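Reading the structure
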Amino acid sequence: QVQLVESGGGLVQAGGSLRLSCAASGRTDHSYTVAWFRQAPGKEREFVGAIFRNTGHTYYADVVKGRFTVSRDRAEKTMYLQMNNLKPEDTAVYYCAAGRIILSSLRQSTQYGYWGQGTQVTVSL
């Protein structure tokens, strides 16, 4: 079993930065892919970024590439999402997720078996 708990959300002005954390307990070794998704009101949950299992390679949605960075600590117990140059359209509930994912399924939320409770990020003008 894996438990995930996000923190670090809040209200920030456009152009500002936030760093989200996702603390993991249970078995979260390098065999798990860890990812961030987000969901805005009235919209589907969408992929933000991920660290693919074993290789440690990172992948991003085009809309956040160059602004957001996914990382994890050496112990593989905490994952981070550094968000810079935030825009109002980044407003959403952000979720971390984990699972033994194949690369072709990286962006599919339905493939992840473990989820955190979510943390709200609100970007104002």
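The rules behind the values
- Residues numbered from 1 in each chain as written.
- Predicted model: local features only at pLDDT ≥ 70, side-chain atom pairs only at ≥ 80, totals over all residues.
- Heavy atoms only, no water.
- Helix = DSSP H or I, 4+ residues; strand = E, 2+ residues; numbered from the N terminus.
- Rg over C-alpha atoms; globule rule 2.2 N^0.38 Å.
- Buried < 20%, exposed > 50% of the residue type's maximum accessible area, 1.4 Å probe, protein only.
- Pairing = 2+ DSSP bridges.
- Axes fitted to C-alpha atoms, helices over the stretch in contact; angles between N-to-C directions.
- 1 Å grid on protein atoms, 1.4 Å probe; cavity = no way out; pocket = protein on both sides within 12 Å on 5 of 7 lines; lining within 4 Å.
- Points joined across faces, edges and corners; volume = space filled by probe spheres on them.
- Polar contact = N/O pair within 3.5 Å; in protein donor to acceptor, adjacent residues only side chain to side chain.
- Contact = heavy atoms within 4.5 Å.

1. Regarding the overall build of the chain
- On a plain count of helices and strands, the chain comes out with 0 helices and 11 strands.
- Secondary structure elements of the chain, listed N to C terminal, follow the sequence β-β-β-β-β-β-β-β-β-β-β.
- Taken over the C-alpha trace, the chain has a radius of gyration of 13 Å; the compact-globule value for 125 residues is 14 Å, and the two agree within 12%.
- With respect to the principal axes defined by its C-alpha atoms, the chain has extents near 40 × 25 × 25 Å.
- Here the chain, with 125 residues, has 44% of them falling under the buried criterion.

2. What about the sheet that holds strand E1 (residues 2-7)?
- What the 4 strands build is an open sheet, ordered E1-E3-E8-E7; its pairing is antiparallel. Pairing within the sheet leaves two strands with one partner each, and these edge strands are E1 and strand E7 (68-72). On average, adjacent strands in this sheet sit at an angle of 15° to one another, irrespective of strand direction.

3. As for empty space enclosed by the protein
- Using the criterion set out here, one finds 1 cavity of 30 Å³ or more in the structure.
- Roughly 70 Å³ of volume is contained in the largest cavity.
- Lining the largest cavity are 12 residues, with Leu4, Cys22, Ala24, Val34 and Met79 positioned closest to its centre.
- Listed by contribution, the elements that provide at least two residues to the lining of the largest cavity are strand E3 (18-26), strand E8 (78-83) and strand E9 (92-99).

4. A short note on the side chain of threonine 119
- Residue placement: threonine 119 occurs in strand E11 (residues 119-124).
- Within the structure, threonine 119 has its side chain in polar contact with the backbone nitrogen of glycine 9 (distance 3.2 Å).
- The residues touching threonine 119, leaving out its near neighbours within four places in the chain, are Glu6, Ser7, Gly8, Gly9, Leu20, Ala92, Val93 and Tyr94.

5. A short note on the pairing of E9
- Counting buried positions over the 8 residues of E9 gives 7, a clear majority of the element.
- Where strand E4 (residues 33-39) and E9 come together, 7 bridges link them in antiparallel fashion. Bridging from a neighbouring strand, alanine 35 pairs with alanine 97 of E9.
- Strand direction decides the pairing type here: E9 and E11, joined by 3 bridges, are antiparallel. Looking across to E11, one finds that valine 93 is bridged to glutamine 120.
- In this structure, E9 lies alongside strand E10 (residues 114-115), joined through 2 bridges in antiparallel fashion.

Geometric descriptors of this kind do not, in isolation, establish any biological role.
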